[in-house]
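Each chain, written out:
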Amino acid sequence: EMSPEERAFQEKIDAETKIEPKNWMPEGYRKTLVRQISQHAHSEVVGMLPEGNWVTRAPTLKRKLQLMAKIQDEAGHGLYLYSAMETLGADRDEEIEKLHQGKAKYSSIFNYPTLNWADMGAVGWLVDGAAIVNQVVLQRTSYGPYSRAMIRICKEESFHQRQGYQILLDMMREGTEEQKQMVQDAINRLWWPALMMFGPHDDESPNSQQSMAWKIKRKSNDELRQMFIDQTVPQLEYLGCTAPDPDLKWNEETGHYDFGEINWQEFYDVLKGNGPCNRERINTRKKAIEEGAWVREAAVAYAKKQKQRAAA
Ligand code: FAQ
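Since this is a predicted model, take the numbers as computed values, not measurements. Within each chain, residues carry numbers counting from 1 in the order of the written sequence. Totals for whole chains, interfaces and linings use every residue, but because this is a predicted model, local features are given only for residues with pLDDT of at least 70 and side-chain atom pairs only at 80 or more, for both listing and counting. Here the side-chain values reflect all heavy atoms present in the structure, with hydrogen atoms and water set aside.

S.K.: Honestly, the environment of Phe-198 in this entry has me stumped. Any pointers?
M.R.: The secondary structure listing takes helices from DSSP runs of H or I that are at least 4 residues long and strands from runs of E that are at least 2 residues long, numbered from the N terminus. Among the secondary structure elements, Phe-198 is positioned in the loop between helix H8 (177-196) and helix H9 (208-213). Between the C-alpha atom of Phe-198 and that of Asp-222, which follows or precedes it by 24 residues, the distance is 7.3 Å. Throughout, a contact is declared for two residues whenever any of their heavy atoms are within 4.5 Å. When neighbours within four sequence positions are excluded, Phe-198 is seen to be in contact with Ala-130, Val-133, Asn-134, Asn-221, Leu-224, Arg-225 and Phe-228.

Encoded structure:
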């Protein structure tokens, strides 16, 4: 049975009124949001690493600047999201510590390596592409601060998606035979991991039902995955590439593409920390925090000094 507070809360949700930090909310709603938003923030931050791998090897100065700008955007997204999470009473340092101890999840996709320059195109096109499909819907999520963070994030992600696709188009149109093969190779490796970003099938997704009722999630994992496939396959064909999925084909009757089954064993292995790069990613983040400690200390000392001067 719902308490009167809970009923009033659900009525607000049903009426599409946003829930704000100081409003009453069920403990489960708060916990679910802290879980999802912290995982989302960690994903943005760890998500910088596969692309960071190519900053020193970008083929031209222009490409390097674009890549650096994109990576900085991801850092910014992480910061908005940690702030949104803090409005729920969660502690940023504690949540980051859980990440470093391997106790917190972040998107499975960032545990795969980026092996050639075409991966920078494929990450922008497929990974940011999948992220947008998920996040456009999250602009309508019921929690105000999360929903507002998504609006700006989506604008930046669409720029990322286009710059990624442009890298691939240039390689396919003007590249050598070897460069064209690099594009196909990047797609072969990242295609299935991109589809895994949407999470398990709806009937295997323990959080979906309650999150949909609370309108934290507005569309299900399988619905979003299908939307992504439907919008991406024509772009794949325009590139002149193929997907590593023999079952991928247009279905006249449903008006959607049919596609093959994801390797769920691989998905759960990556979630457990056993993907190709999990350990490397966490170690890199820990090292970054340790090596940046002096910068944070200096900033705090400087702020203190300025405050004392202002008071004097
Ligand atoms: N990876 O019951 P559900 C980006 C976990 S985009 C890892 O269905 P839920 C941009 C799930 O957390 C990527 N874990 O869960 C960028 C749950 O675990 P828990 C970030 C996954 O929450 C681009 C368990 O499996 N985007 O960063 C994954 O209802 C390029 C059961 O699953 C977001 O985080 C996965 N793929 O639905 C940055 C979007 N899938 O906590 C740099 C916001 C599922 O119970 C470069 N998040 N799990 O132990 C969401 O929309 C949802 O959390 C889902 C999962 C849809 C990801």
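Once the structure has been displayed, the description carries forward.
S.K.: Help me understand the pattern of salt bridges in this model?
M.R.: Pairing of side chains with opposite charge becomes possible as their charged atoms draw close. Here a salt bridge means any side-chain nitrogen of Lys or Arg lying within 4 Å of a carboxyl oxygen belonging to Asp or Glu. Taken as a whole and assessed by the stated rule, the structure comprises 16 salt bridges. The partner of Arg-281 in a salt bridge is Glu-280, with the nearest N and O atoms 3.8 Å apart. Buried, partly exposed and exposed residues are distinguished by accessible area as a fraction of the type maximum, computed with a 1.4 Å probe on protein chains only: under 20%, between the cut-offs, and over 50%, respectively. Given a relative accessible area of 5%, Arg-281 falls into the buried group. Among the charged side chains, a network of salt bridges with common partners joins Glu-51, Lys-70, Glu-74 and Asp-128.

S.K.: I keep staring at the site of the ligand and nothing clicks. Help me out?
M.R.: Neighbouring residues of the ligand: 34 residues in total, closest Gln-39, Lys-105, Ser-108, Ser-205 and Lys-217. Within 3.5 Å is the distance limit for a polar contact, defined as a pair of N or O atoms, with the added protein rule that one can donate a hydrogen and the other accept it, and that residues adjacent in sequence qualify only through two side-chain atoms. At 2.7 Å from an oxygen atom of the ligand is found a side-chain nitrogen or oxygen belonging to Gln-39. Separating a nitrogen atom of the ligand from a backbone N or O atom of Ser-108 is a distance of 2.8 Å. Note on areas: Shrake-Rupley with a 1.4 Å probe; residue coverage comes only from the protein chains shown. Relative to its unbound accessible surface of 1,100 Å², the ligand loses 90% to contact with the protein. Sorting the residues of the shell around the ligand by element identifies helix H2 (27-46), helix H4 (61-86), helix H6 (118-138), helix H7 (144-174) and helix H11 (264-274) as the ones contributing at least two each. By residue number, the principal contributor to the shell around the ligand is H2, which donates six residues. Gly falls in the polar group here, along with every residue not listed as nonpolar (Ala, Val, Leu, Ile, Met, Phe, Trp, Tyr, Cys, Pro) or charged (Asp, Glu, Lys, Arg). Tallied by class, residues from the shell around the ligand come to 13 nonpolar, 12 polar and nine charged. Any residue with a non-hydrogen atom lying within 4 Å of a molecule or strand is treated as near it.

S.K.: Just checking my understanding: could you explain unusual backbone geometry for this structure?
M.R.: Excluding glycine, most residues fall at negative phi; most peptide bonds, likewise, are trans. Phi at Glu-16 takes a positive value of approximately 65 degrees, unusual for a residue other than glycine. Along the polypeptide, Glu-16 turns up in the loop between helix H1 (4-14) and H2. Residue class for Glu-16 comes out partly exposed when judged on its relative accessible area of 42%. The phi angle at Lys-215 is positive, at roughly 60 degrees, despite the residue not being glycine.

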